[in-house]
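# Commentary on secondary and tertiary structure
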Amino acid sequence: MINLHEQKKSLRPQTARLWAAVFLLLGVLLGTFDAPQYWNFLMDKASVRSGVPIFSYLKFRGPILFPYRLGLDIQGGAHLVYQADLSNVSTPDYADSMDAVRDVIERRVNLFGVSEPVVQVEKSHPVFLGEARPEGAAGSDWRLIVELAGVKDISAAIRLIGDTPYLEFKEERLEQERNEILEEQKKTGEFREDPYFMPTPLTGRHLKRANLDFDQTTFQPQISLELTEEGAKIFAELTKKNVGKQLAIYLDGAPISAPVVREEITEGRAQITGNFTPQSAKEFVGRLNAGALPVPIRLIAQQTVQPSLGQESLLRSLNAGIIGFLAVAIFMIFWYRLPGILAVLALLFYITIVLAIFKLIPVTLTAAGIAGFILSVGMAVDANVLIFERLKEELRAGKILSEAIQEGFGRAWTSIRDSNASSLITSAILYWLGTSVVQGFALTLGIGILVSMFSAISVTRTLLIAMLARRFEKTRFLFINGISR
Amino acid sequence: MLNITGHKYIFLTISGVLVLASFSAIAIWGFKPGIDFTGGSLLEVEFKEQRPEVSEIRKTLKDLDLGNIIIQPTGEKGEILRFKHIDENTHQGILKALPGASEKRFDTIGPTIGKELRQRSVLALVLASLAIVLYIAFAFRKISKLVSSWKYGITAIIALLHDVLIPTGVFSALGHFRGVEVDTLFITALLTILGFSVHDTIVVFDRIRENLRKLKIPEPYEVTVNRSVNDTIARSINTSLTVLLVLLAVMILGGETTKYFVLALILGIIFGTYSSIFVASPLLVIWNNLTKRV
């Protein structure tokens, strides 16, 4: 951290003026980067006016444009949360299963042509403060988050994701078990378990490929399944165990076929014949290939925003930001006069840096995030205010201008550092514990605070020193505010 | 020079009354939790033509088994419907049943997530407060023999509680009278207020520290504190003013979704500034007086 108390070598006004020029140039460059559309507009105008076409080649195009990444509530889109039911999976396989689900859904999602879809596995952190864990909590704390920004038809997307087929192989229950369950059902009238078939470890995870064939003699459509190596092993065991018995194949919880096993099958291939029409068989195969879900998922939360509402939101936020900035600028200039003008310039520079950072990282801008940024603009002024107040004090204490500036900065720095630290701590906590909307806010606020600390210390100070000159000594009144106390 | 510590009992009483009022508001009226915390659905639609009567909408949706539907008009042609958590098919069913309406946004949240969010929020608030106490105690550890550094931390937290409780009380009242909801954004606002208010308080404490260090002739603690507060008052008010200007712009001109969020921030900053000047320092003085060896 810069310790200004120890700085013996102080900045000379000439050097400061050089730096000021650098800042100005940098500011313009960054500003152009932040909002290339204005540059493009200028170039267009220039090429039309001068008749020299070269200008139109100097425009920003394509990836150099670096668009801002906009959150769902601004772009429009859907945020979906799916709960995965891992009750049939053994604990060490949880992570793998979730990754497999993630891959399948991602493949599906990529079909929508959404730019940068987000498909993430999330383990929820239930903090059951003193309450009993609700039933079925074990094996069901894994979630899948799907974010589709800018997707056109949200309900079609949900349907497509939800329709990813869930394939299961089930074997016959022992007679005793079957009777027990049937008894149970008669008693309670509830239908909880399938009395005829019980689940096996063989599921859609083990499917390598599905193909549509037609039987040579009957011309009936057939679905042939090719299993993975692991699947083939399990399948071999199952078929060996169940020779002469039925092995049921379930798709999305409904049985589609229950052929009798004739012999042990070791090559990991299975054929499903049944009452399929060629159309439905083709559909099945398509769905199975697009990815059979290894684990069933259920949509437990959905947040969708239409792009029109998002646009509105964005425009209003921008408007608010501009007006807010103007209000602050007017206040600063009125109250602090010359230093106020410098602070406004420093603030502009600050804004261009922060926006550039938002573009580069990139930071997803949500409505709350933009509010956070605007808030940090207001707070950025704070550091400057601290410095100016100190400055006034030192001047009133009779110091000459250059000394006053040095002293002012030194004293103010500890205040700035300590007070911003607390805001940074809360930003960090917000980021860690929040949902994506809250994280957006925490990030913009945090970045804003960090950059504001930097810009107050370096930029404002440099600009102030740059203003040092013999003649300004006489016009000290410019540095003391209009309303004297 | 304003005599702030001299009137400390007056200021603390005002704060005390406000805190008590907020506390009662919360105890009596509670909050209106948003669907973030309770689970449920929110559907915002805009009608292309005339906005139908509420009773008509209810009748149309009767067969969809949505339970109790709360309908709120918004803007000129829009309605916001709130009901229980539903699945996608029901969602499409609603849209089909209301052909003249186009969907603006739709949220449906299951109960598990709601509970999780509630707990996480409480956790966040507790953690943040702890972190801040520790930070202040650390930052002010070498301050003086007169008042130990822990007292600064704890006083700051009391001031913070004040800053957080009063806006919460206001929102409790708003929830009761205007149906304004408390959601994750509100919690975010509270956490931001925590951060910012401490910011303010630290500036005052920092000044106290500096003035104590610079003392050439010993003087009563109260006098030093009063002087420090006076020194920093201009800065506190100016900073808060700039932030308020900016936030007011956002609240008035900004989008609907952030309006109450920003209101919470504004309240927090107003009371935060008030507490840094009129609550934190007087408390320090009183504490000092109580623990002074006569």
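Residues numbered from 1 in each chain as written. Chains lettered and ligands numbered in written order. Predicted model: local features only at pLDDT ≥ 70, side-chain atom pairs only at ≥ 80, totals over all residues. Heavy atoms only, no water.

### Notes on the overall build of chain B
As a reminder of what qualifies: Only DSSP runs of H or I covering at least 4 residues are called helices, and only runs of E covering at least 2 are called strands; the numbering of each starts at the N terminus. Atoms counted for the radius of gyration: C-alpha only. Globule rule: 2.2 Å times residue count to the power 0.38. Accessibility here uses a 1.4 Å probe with only protein chains present; expressed as a share of the type maximum, an area under 20% marks a residue as buried, one over 50% as exposed, and anything in between as partly exposed. By definition in these notes, contact holds between two residues if any of their heavy atoms fall within 4.5 Å. Charged residues are defined here as Lys and Arg on the positive side and Asp and Glu on the negative side; His and the ends of the chain fall outside this count. Charge placement uses NZ in Lys and CZ in Arg. For Asp and Glu, CG and CD serve respectively.
Looking only at helices and strands, chain B features 9 helices and 4 strands. Listed N to C, the secondary structure of chain B is α-α-β-α-β-β-α-β-α-α-α-α-α in terms of helices and strands. A compact globule built from 294 residues should have a C-alpha radius of gyration of about 19 Å, whereas chain B, at 24 Å, is more than 25% larger. Expressed as lengths along the three principal axes of its C-alpha atoms, the size of chain B is roughly 80 × 35 × 30 Å. Considering chain B as a whole, with its 294 residues, one finds that 56% of them fall into the buried category. When contacts within chain B are restricted to residue pairs at least 6 apart in sequence, long-range pairs at least 24 apart make up 78% of them. Distance between charge centroids for chain B: 13 Å, based on 31 positive and 25 negative side chains.

### Brief notes about the overall build of chain A
Applied cut-off: Accessible areas in this description were obtained via Shrake-Rupley with a 1.4 Å probe; residue shielding takes into account the shown protein chains only.
Regarding its fold elements, chain A presents 14 helices and 11 strands. Relative to its full complement of 485 residues, chain A shows a buried share of 48%. In chain A, once contacts between residues fewer than 6 apart in sequence are set aside, the share between residues at least 24 apart is 75%. As displayed, chain A offers around 24600 Å² of accessible surface, 59% of which is attributable to carbon and sulfur atoms.

### As for the packing of aromatic side chains
All names here are of chain B. Put simply, the rule reads: Aromatic rings from Phe, Tyr and Trp, taking only the six-membered ring of Trp, are treated as a pair when their centres fall within 6.5 Å; an angle between ring planes under 30 degrees marks them as stacked, one over 60 as edge-to-face, and anything in between as tilted.
The tally for this structure, following the rule as stated, stands at 8 aromatic pairs over all chains. Each ring, one from Y274 and one from F278, has its centre 5.1 Å from the other, and the planes form 35°; the classification is tilted. With a gap of 4 residues between them, Y274 and F278 both fall in helix α9 (residues 259-291), about one helical turn apart. For Y274, a relative accessible area of 19% translates into the label buried.

### As for the pattern of salt bridges
Quick reminder of the rule: Salt bridges are defined as contacts in which a side-chain nitrogen from Lys or Arg sits within 4 Å of a carboxyl oxygen from Asp or Glu.
In total, this model carries 13 salt bridges over all chains according to the counting rule given. The partner of A:E312 in a salt bridge is A:R316, with the nearest N and O atoms 3.8 Å apart. You can see A:E312 and its partner A:R316 sitting in helix α10 (residues 307-360), 4 residues apart, about one turn around the helix. Assessed through its relative accessible area of 38%, A:E312 is described here as partly exposed. On the basis of relative accessible area, A:R316 is assigned to the partly exposed category, the value being 27%. Overlapping salt bridges bring together B:R207, B:E210, B:K214 and B:D231 as one network.

### Examining the sheet that holds strand β4 (residues 101-109) of chain B
Put simply, the rule is: For two strands to be treated as a pair, DSSP must find no fewer than two bridges joining them. Helix axes are fitted to C-alpha atoms over the stretch in contact, other axes to C-alpha atoms as well, and angles between N-to-C directions run from 0 to 180 degrees.
One open sheet accounts for 8 strands, arranged β2(A)-β3(A)-β1(A)-β11(A)-β4(B)-β1(B)-β3(B)-β2(B); its pairing is antiparallel. Every interior strand has two partners, whereas the edge strands, β2 (118-123) of chain A together with β2 (70-74) of chain B, have only one. Between one strand axis and the next, the sheet turns by 20° as a mean value, whatever way the strands run. Direction of pairing for strand β1 (residues 77-84) of chain A relative to strand β11 (residues 297-305) of chain A: antiparallel, over a ladder of 8 bridges. Bridging from a neighbouring strand, A:Q83 pairs with A:R298 of β11(A). Its contacts with the sheet put helix α4 (residues 88-97) of chain B on β11 of chain A together with β1 (40-47), β3 (78-83) and β4 of chain B, and the angle it makes with β4(B) is roughly 155°.

### What about the packing of helix α11 (residues 367-396) of chain A against helix α7 (residues 184-214) of chain B?
Threshold: Working rule for angles: under 35 degrees goes down as roughly parallel, over 145 as roughly antiparallel, 65 to 115 as roughly perpendicular, anything else as oblique. Note on residue categories: nonpolar means Ala, Val, Leu, Ile, Met, Phe, Trp, Tyr, Cys or Pro, charged means Asp, Glu, Lys or Arg, and polar means any other residue, Gly included.
At a minimum axis distance of 13 Å, the contact between α11(A) and α7(B) shows a crossing angle of 10°. Between α11(A) and α7(B), the crossing angle belongs to the class labelled roughly parallel. Along the contact surface, α11(A) presents A:A368, A:L375, A:M379, A:D382, A:L386, A:R390 and A:E393, while α7(B) presents B:L185, B:T192, B:F196, B:H199, B:V203, B:R207 and B:E210. The residue makeup of the contact of α11(A) with α7(B), split by class, is 7 nonpolar, 2 polar and 5 charged.

### Some points on helix α8 (residues 229-241) of chain A
Residues and elements named next belong to chain A. Our working rule: Expected helix span is taken as 1.5 Å per residue step, with the number of steps being one fewer than the number of residues.
Its 13 residues give α8 an end-to-end C-alpha distance of 19 Å, which sits within 8% of 18 Å, the value for a rise of 1.5 Å per residue. Those residues of α8 lying buried are G231, A232, I234, F235, A236, L238 and T239. Buried-residue contacts for α8 involve β4 (167-172), β5 (197-203), β7 (221-227), β8 (247-251) and β10 (269-273).

### Re the sheet that holds β5(A)
Residues and elements named next belong to chain A. A sheet is described by the order of its strands in space; here 4 strands give the open sequence β5-β4-β8-β9, paired in antiparallel fashion. Among the strands making up the open sheet, the edge pair consists of β5 and β9 (254-257). This sheet shows a mean twist of 45° between the axes of neighbouring strands, independent of strand direction. In the sheet, β4 pairs with β8 via 5 bridges, with the strands oriented antiparallel. Its bridge partner being in β8, F169 is matched across the sheet by I249.

### Considering the side chain of B:R105
The criterion, for reference: A 3.5 Å cut-off defines polar contacts: any pair of N or O atoms within that distance qualifies, except that in protein one atom must be a possible hydrogen donor and the other a possible acceptor, and neighbouring residues in sequence count only when both atoms are side-chain atoms.
For B:R105, the location among the structural elements is in strand β4. A polar side-chain atom of B:R105 sits 2.8 Å from a polar atom in the side chain of B:E44. When sequence neighbours within four positions are dropped, the list of residues in contact with B:R105 reads A:T304, A:V305, A:L309, B:L42, B:L43, B:E44, B:I80 and B:T257.

### Section: empty space enclosed by the protein
Selection rule: Think of a 1 Å grid over just the protein atoms. A cavity is a set of points where a 1.4 Å probe fits yet cannot get out, a pocket is an open set with protein on both sides within 12 Å along at least five of seven lines, and lining residues have an atom within 4 Å of a point. Grid points are joined across faces, edges and corners, and a volume is the space filled by probe spheres set on the points.
Considering all chains together, one arrives at 4 cavities of 30 Å³ or more under this definition. Lining of the second largest cavity is provided by A:L386, A:E389, A:R390, A:E393, A:S415, B:V203, B:R207, B:D231, B:T232 and B:R235. Going through the elements one at a time, α11 of chain A together with α7 and α8 (221-253) of chain B are the ones with two or more residues in the lining of the second largest cavity. No other element matches the 4 residues that α11(A) contributes to the lining of the second largest cavity. Considered class by class, the residues forming the lining of the second largest cavity number 2 nonpolar, 2 polar and 6 charged.

### Examining the packing of α7(B) against α9(B)
Residues and elements named next belong to chain B. Note the following rule: Left-handed describes a crossing in which the near helix is turned anticlockwise from the far one by less than a right angle; the clockwise case is right-handed.
Following both chains from N to C, one finds α7 and α9 inclined at 30°, their axes separated by 8 Å at the closest point. Considered as vectors, α7 and α9 are oriented roughly parallel to each other. Viewed along their axes, α7 and α9 form a crossing whose handedness is right-handed.

### What about the confidence of the model for chain B?
Operational definition: The pLDDT score gives, residue by residue, the confidence of the prediction method on a 0 to 100 scale.
With 95% of its residues at a pLDDT of at least 70, chain B reaches an overall mean of 82. Interface confidence for the predicted complex, given as ipTM, is 0.80, next to a pTM of 0.74.

### Thoughts on the nonpolar core
The condition that has to hold: For this analysis, a nonpolar core means a set of buried residues of the types Ala, Val, Leu, Ile, Met, Phe, Trp, Tyr and Cys, connected via side-chain atoms within 4.5 Å.
Counting residues in each nonpolar core, the largest one holds 141 residues, and the members touching the most others are A:M332, A:L375, B:I208 and B:F261. When residues in this core are grouped by element, the largest group, 20 residues, is from α10(A). Not counting residues up to four positions away in its chain, the partners in contact with B:I208 are B:Y152, B:Y221, B:V225, B:S228 and B:L284. Counting residues in each nonpolar core, the second largest holds 25 residues, with A:V119, A:L148, A:V151 and A:V295 among its members.

### Notes on the side chain of B:S121
Residues and elements named next belong to chain B. Here S121 shows up in helix α5 (residues 111-139). Judged by its relative accessible area of 9%, S121 is buried. Setting aside its immediate chain neighbours within four residues, S121 contacts F37 and I187.

### Some words on the environment of B:L247
If you trace the backbone, B:L247 turns up in helix α8. Among the residues examined, B:L247 registers a relative accessible area of 2% and is labelled buried. Taking the C-alpha atoms as reference, B:L247 lies 40 Å from B:L61; in sequence the two are 186 residues apart. With near-sequence residues (within four places) excluded, B:L247 lies in contact with A:L375, B:V262, B:L265, B:I266 and B:I269.

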